[in-house]
There are 2 protein chains.
Amino acid sequence: MNQLGLWIKEKLCELNLTESMNTPEGFTRLGYTNEEFAAHRHFINIARELGLTTYQDKAGNQWAVWTVDTKAPTIAMGSHLDTVHNGGGYDGVVGVLCALASIKLLKEKHFKPKKNIAVICFISEESARFGISTIGSKAIVGTLEKQKLADITDNEGITIKKAVEDMGLKWEQIDQAELQKSELDQFLELHIEQGKQLQENNTAIGIVKGIACPIRLLVKVSGVANHTGTTPMNQRSDAFVAAAPLVSYINDEALKVNDTETSQLVATVSTFKLMPNAMSIIPGEVELGIDIRSVDDELKRAFANRIKKYCLEIERKHNVSISITTLVDNQSVLLDNALNDKLINICNELGVKTRVMDSGAGHDVMNMARKWPVGLIFIPCKDGISHQPDEYATIDNLINGTIVLEKYLQLEA
Amino acid sequence: MNQLGLWIKEKLCELNLTESMNTPEGFTRLGYTNEEFAAHRHFINIARELGLTTYQDKAGNQWAVWTVDTKAPTIAMGSHLDTVHNGGGYDGVVGVLCALASIKLLKEKHFKPKKNIAVICFISEESARFGISTIGSKAIVGTLEKQKLADITDNEGITIKKAVEDMGLKWEQIDQAELQKSELDQFLELHIEQGKQLQENNTAIGIVKGIACPIRLLVKVSGVANHTGTTPMNQRSDAFVAAAPLVSYINDEALKVNDTETSQLVATVSTFKLMPNAMSIIPGEVELGIDIRSVDDELKRAFANRIKKYCLEIERKHNVSISITTLVDNQSVLLDNALNDKLINICNELGVKTRVMDSGAGHDVMNMARKWPVGLIFIPCKDGISHQPDEYATIDNLINGTIVLEKYLQLEA
């Protein structure tokens, strides 16, 4: 392995707070926790080794900047260092690491940029803790709905507000992380694909043209809790029995959509709560969290409406009442064509096989796209597995990504 | 309301640690908690007002005894004071209270029993905390499988062993609560029906001939957790999609059984756990807790076997692996016919309408039946609702039960 590869391998472990990436239980660094901030401290150390200046903004995003001229525009790169519960060590981390590595290469070549170059570690990108994703990049763009969020709690009942302040930040000040359009020139994120397309097509680099953002529904089904032993089968109003067909319906209908429509759609009942969840009591209430994604927003919303219609059938058939809340309904994001064309040309010049594709996963870049020209670069991950301990990308995959970023900076910075 | 009614009304609140039975959030006194022991202290106070001697056995069961002759046999009555989460104030409590009230009546009439009369508050009858029911009566009968239980934990991760010792008891000693056959003469429990049969037949007293004990299965379905946005619908192994049809199957098949078979059967998926339970991750694993009951043990076991067969179909169809554990498989219990005949005669003499019936719910009496002649008396509860805040029985229902117990003691003690 070459010297860059060895450096990447070493820093990958440092950013994951581990001696070895081969960690059966994976990595758990939820948003606004000591674990996430510990990873940020390792980021700071690496950035300073590279001669970058570092600072934390009011939302907790960690910045490292190669400043050439305070009046010059700034090209930003970056991703996040938080993870889901027992997640992988590549999701987010590779975007931060390859950005640093690209700067390392430029410095070694004594490259003299005309623009400042920044690397951002966005805070709390995953929704694993609070059900809210990309908090840090929303704060930078100015789309964080603070009032709505303040009282949302994690599984331990800790509010976002308290979690933020436990990390030494001030809740009243987090919107001060917002940047004006003029303060950044453009933004580039590199991320593992979290899918199999690159691997299956033996492709080194994916260039993303659209991000499929989710509609998320919370469906609450209310029946009547009662004793399992003394309530005859024909006198029940079992919320779980009423809800179960909805799980099959969503899966079957999504399969059909993909057979008939040109744009793809995925739909998942990914969270579930059953109450009172006791062996001797009939389920009185269940809550289903449904995640629907497609770059085709019309298709996505039509699918959500079919789910709502099906819930009306369930109400009639099973003698339950159903309430549906739309937790999230985000317009899908189209990335900057001009920027993508540059990336495609760079890959061609490098002789790196590329694939122009959509992303089924959301990333910080989708918020940044609201204010700045942005690009999203994918590198392959083994078997498309992510958000799990066996999430994996080769060092060569990271090197490829690093070189694309380096060439892009040589061209643009 | 007569003087007995007023006394019952007052003591019902005391035993529920409340000023008013009209408590929207219901009552929460889980097994081996301070709340349960606080209720026991109120029981002790009431018992002492009636001139009974009280003591706690090594398992934490609370006893109150009217001792006439230490060499004489002892007739025992009783039930429990623990509840499920946000349960009702009648399940268990009425059995303890009516037993005390019947002694009050006998004392007021200067009745001179030839046998000792005991009232037992069995500890931790509900399975709500540890998934294990009737711990106290199992200890008295000597059927508590201590080794198996020690490490079972509640939702906070507290083991039964620790919970027991936190209450000042000694885990090594709890089996010393066991009584020899000779130490009791017979046992009688009074309980709310937790069903609608008595109400629908406008009947004051139910006399139970059989108790349907459950088979409980834990079905663990393992698929593959992966990203909801990046995993195509046709490349998934979603554990929830695989398990959902099982919920419908169990309900539909149980309905059919009741149409075709003479004995009744109830089957419920009453507990459920989904992992990792995050919006952006496909369910990788789900656990279903299934409760199956019938007084017909063969019917019950045949039904459990059909569920196991259906799980094999699911494995084939959905590309998941399923493991099934039998948590509980208890023989149904037949109560003492001779004792029941006496109860029927007493009710007839009193002119109280009775119904001979089965119980779909388990009670401490089913353990006591392994060693002693036992009887189980039901009183009506409103709309059959139980294990919920709006569980309700009238004071007249309790008075009827009290009088039946009093007459029985006049005859037997």
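What counts and how
- Residues numbered from 1 in each chain as written.
- Chains lettered and ligands numbered in written order.
- Predicted model: local features only at pLDDT ≥ 70, side-chain atom pairs only at ≥ 80, totals over all residues.
- Heavy atoms only, no water.
- UniProt positions renumbered as here; feature names shortened; annotations may be inferred.
- Helix = DSSP H or I, 4+ residues; strand = E, 2+ residues; numbered from the N terminus.
- pLDDT = per-residue confidence, 0-100.
- Least-squares fit on C-alpha atoms with pLDDT ≥ 70 in both.
- Contact = heavy atoms within 4.5 Å.
- Buried area = accessible area lost by both parts, 1.4 Å probe.
- Salt bridge = Lys/Arg side-chain N within 4 Å of Asp/Glu carboxyl O.
- Domains from an automatic or database assignment.
- Axes fitted to C-alpha atoms, helices over the stretch in contact; angles between N-to-C directions.
- Parallel < 35°, antiparallel > 145°, perpendicular 65-115°, else oblique.
- Left-handed = near helix turned anticlockwise from the far one by under 90°.
- Nonpolar A, V, L, I, M, F, W, Y, C, P; charged D, E, K, R; others polar.
- Pairing = 2+ DSSP bridges.
- Phe/Tyr/Trp six-rings, centres within 6.5 Å; stacked < 30°, edge-to-face > 60°.
- Buried < 20%, exposed > 50% of the residue type's maximum accessible area, 1.4 Å probe, protein only.
- Lys, Arg positive; Asp, Glu negative; His and termini not counted.
- Polar contact = N/O pair within 3.5 Å; in protein donor to acceptor, adjacent residues only side chain to side chain.

Caption draft 1: Inspection of the UniProt feature "domain: Peptidase M20 dimerisation" (unreviewed entry) in chain A at higher detail. Under the present numbering, the feature "domain: Peptidase M20 dimerisation" (unreviewed entry) in UniProt falls on residues 219-314 of chain A. Taken end to end, residues 219-314 of chain A has its terminal C-alpha atoms 12 Å apart, with 42% of it in helix and 24% in strand.

Caption draft 2: Examining unusual backbone geometry more closely. Pro-276 of chain A follows Met-275 of chain A through a cis peptide bond whose omega is 0 degrees. Along the polypeptide, Pro-276 of chain A turns up in the loop between β8 (266-275) and β9 (285-293). Positioned with a positive phi, Ser-124 of chain A is a non-glycine residue whose angle comes to about 45 degrees. Note on placement: Ser-124 of chain A falls in the loop between β4 (116-122) and α4 (135-141). Its identity as a non-glycine residue notwithstanding, Thr-134 of chain B has a phi of 45 degrees, on the positive side. For Thr-134 of chain B, the position within the fold is in the loop between β4 (116-122) and α4 (135-141).

Caption draft 3: Just the confidence of the model for chain A, in detail. Summarising the model, chain A shows a mean pLDDT of 95, and 100% of its residues fall at 70 or more. ipTM for the predicted complex: 0.79, alongside a pTM of 0.78.

Caption draft 4: Summary view of the relation of the copies chain B and chain A. Overlaying chain B on chain A yields an RMSD of 0.1 Å, the required transformation being a rotation through 179 degrees with an accompanying axial translation of 0.0 Å. These values place the two chain copies in the arrangement generated by a two-fold rotation axis. Within chain B, the C-alpha atom positioned nearest to the axis of rotation is that of Ala-244 of chain B, 2.5 Å from it. Of all interface residues in chain B, 100% are interface residues in chain A too; the two copies therefore contact each other through one and the same surface.

Caption draft 5: Expanded view of the interface of chain B and chain A. Facing 61 residues of chain B, the contacting portion of chain A comprises 61 residues. Taken together, both faces of the contact between chain B and chain A bury some 4700 Å²; the carbon and sulfur share is 61%. When residues of chain B are sorted by the area they lose upon contact with chain A, Met-233, Phe-240 and Met-279 of chain B head the list and together hold 17% of the total. Counting across the interface, chain B meets chain A through 0 salt bridges.

Caption draft 6: Looking closely at the domain arrangement of chain A. All names here are of chain A. Here chain A is described as being made up of domain 1 (3-211 + 332-412) and domain 2 (214-329). A separation of 34 Å is found between the C-alpha centroids of domain 1 and domain 2. With 9 residues of domain 1 at the interface, the matching set in domain 2 holds 6 residues. For the domain 1 and domain 2 pair, buried surface summed over both sides reaches about 470 Å², with 39% attributable to carbon and sulfur atoms. When the buried surface of domain 1 facing domain 2 is broken down by residue, Ser-332, Asp-358 and Gly-360 rank first, second and third, together holding 64% of it.

Caption draft 7: Representation of the packing of helix α1 (residues 3-15) of chain B against helix α3 (residues 93-108) of chain B in the model. Residues and elements named next belong to chain B. The N-to-C vectors of α1 and α3 enclose an angle of 140 degrees; their axes lie 10 Å apart at closest approach. Classified by the angle between their axes, α1 and α3 sit oblique to one another. Between α1 and α3 lies a crossing of right-handed hand. From α1, Gln-3, Leu-4, Trp-7, Ile-8, Lys-11, Leu-12 and Leu-15 reach across to α3, where they touch Val-93, Leu-97, Leu-100, Ala-101, Lys-104, Leu-105 and Glu-108. Class assignment for the residues of the contact of α1 with α3 results in 10 nonpolar, 1 polar and 3 charged.

Caption draft 8: Region of the structure containing the sheet that holds strand β9 (residues 285-293) of chain B. Residues and elements named next belong to chain B. Spatial ordering of the open sheet is given by β8-β9-β7-β10, a layout of 4 strands whose pairing is antiparallel. With partners counted over all chains shown, the strands left at the sheet margins are β8 (266-275) and β10 (321-329), one partner each. Neighbouring strand axes in the sheet, compared pairwise and without regard to direction, differ in orientation by 15 degrees on average. Across 8 bridges, strand β7 (residues 214-222) lies against β10 in antiparallel orientation. Counterpart to Arg-216 in the pairing with β10 is Val-328. Where helix α9 (residues 297-318) meets the sheet, its contacts fall on β7, β8, β9 and β10, and the angle it forms with β10 comes to roughly 165 degrees.

Caption draft 9: Region of interest: the packing of aromatic side chains. Under the definition given, this model contains 13 aromatic pairs over all chains. Their ring planes at 75 degrees and their centres at 5.5 Å tell us that Phe-122 of chain B and Phe-187 of chain B sit as a pair that is edge-to-face. On the criterion of sequence distance, the pair formed by Phe-122 of chain B in strand β4 and Phe-187 of chain B in strand β5 (residues 186-192) is long-range, its members being 65 residues apart. Neither Phe-122 of chain B nor Phe-187 of chain B differs from the other in exposure class; each is buried. On the basis of an interplanar angle of 40 degrees and a centroid distance of 5.1 Å, the ring pair of Phe-240 of chain B and Phe-272 of chain B is categorised as tilted. Taken as a pair, Phe-240 of chain B in helix α8 (residues 239-260) and Phe-272 of chain B in strand β8 lie far apart in primary sequence, 32 residues in all. Note on accessibility: Phe-240 of chain B and Phe-272 of chain B belong to one class, buried. What links up through ring pairs into an aromatic cluster is the set Phe-240 and Phe-272 of chain A together with Phe-240 and Phe-272 of chain B.

Caption draft 10: Highlighting the side chain of Arg-236 of chain B. In this fold, Arg-236 of chain B is placed in the loop between β7 and α8. Nearest to the buried, unbridged Arg-236 of chain B among oppositely charged side chains is Asp-238 of chain B, at 4.7 Å. A polar atom in the side chain of Arg-236 of chain B sits 2.8 Å from the backbone oxygen of Thr-228 of chain B. In terms of polar contacts, Arg-236 of chain B uses its side chain to reach the backbone carbonyl oxygen of Thr-231 of chain B, at 3.0 Å. Not counting residues within four places of it along the chain, the set of residues in contact with Arg-236 of chain B comprises Val-266, Ala-267 and Thr-268 of chain A together with Thr-228, Thr-231 and Ile-282 of chain B.

Caption draft 11: Seen up close, the sheet that holds strand β7 (residues 214-222) of chain A. Residues and elements named next belong to chain A. Within the open sheet, the 4 strands sit side by side as β8-β9-β7-β10. Their pairing is antiparallel. Each edge of the sheet is formed by a strand with only one pairing partner; in this case those strands are β8 and β10 (321-329). The mean angle between the axes of side-by-side strands here comes to 15 degrees, regardless of whether they run parallel or antiparallel. As paired elements, β7 and β9 share 9 bridges and run antiparallel to each other. Residue Pro-214 lies in a different strand from β9, and its bridge partner there is Arg-293. Sheet strands touched by helix α8 (residues 239-260): β7, β8 and β9. Its angle to β9, the strand with the most contacts, is close to 10 degrees.

Caption draft 12: Representation of the pattern of salt bridges in the model. Summed over all chains, the structure comprises 47 salt bridges over all chains. Here Glu-412 of chain A ties to Lys-342 of chain A by a salt bridge, and the two come within 3.0 Å at their closest N and O atoms. Of this pair, Glu-412 of chain A sits in helix α12 (residues 395-412) while Lys-342 of chain A sits in helix α10 (residues 337-350), and the two are 70 residues apart along the sequence. Given a relative accessible area of 16%, Glu-412 of chain A falls into the buried group. Lys-148 of chain B is the partner of Glu-145 of chain B in a salt bridge, and the nearest nitrogen-oxygen pair spans 3.2 Å. Taking relative accessible area as the criterion, Glu-145 of chain B reaches 44% and is therefore assigned partly exposed. Using a relative accessible area of 60% as the deciding quantity, one classes Lys-148 of chain B as exposed. Each of the salt bridges in this network shares a partner with another, and the network as a whole consists of Glu-10, Lys-11, Glu-14 and Glu-49 of chain A.

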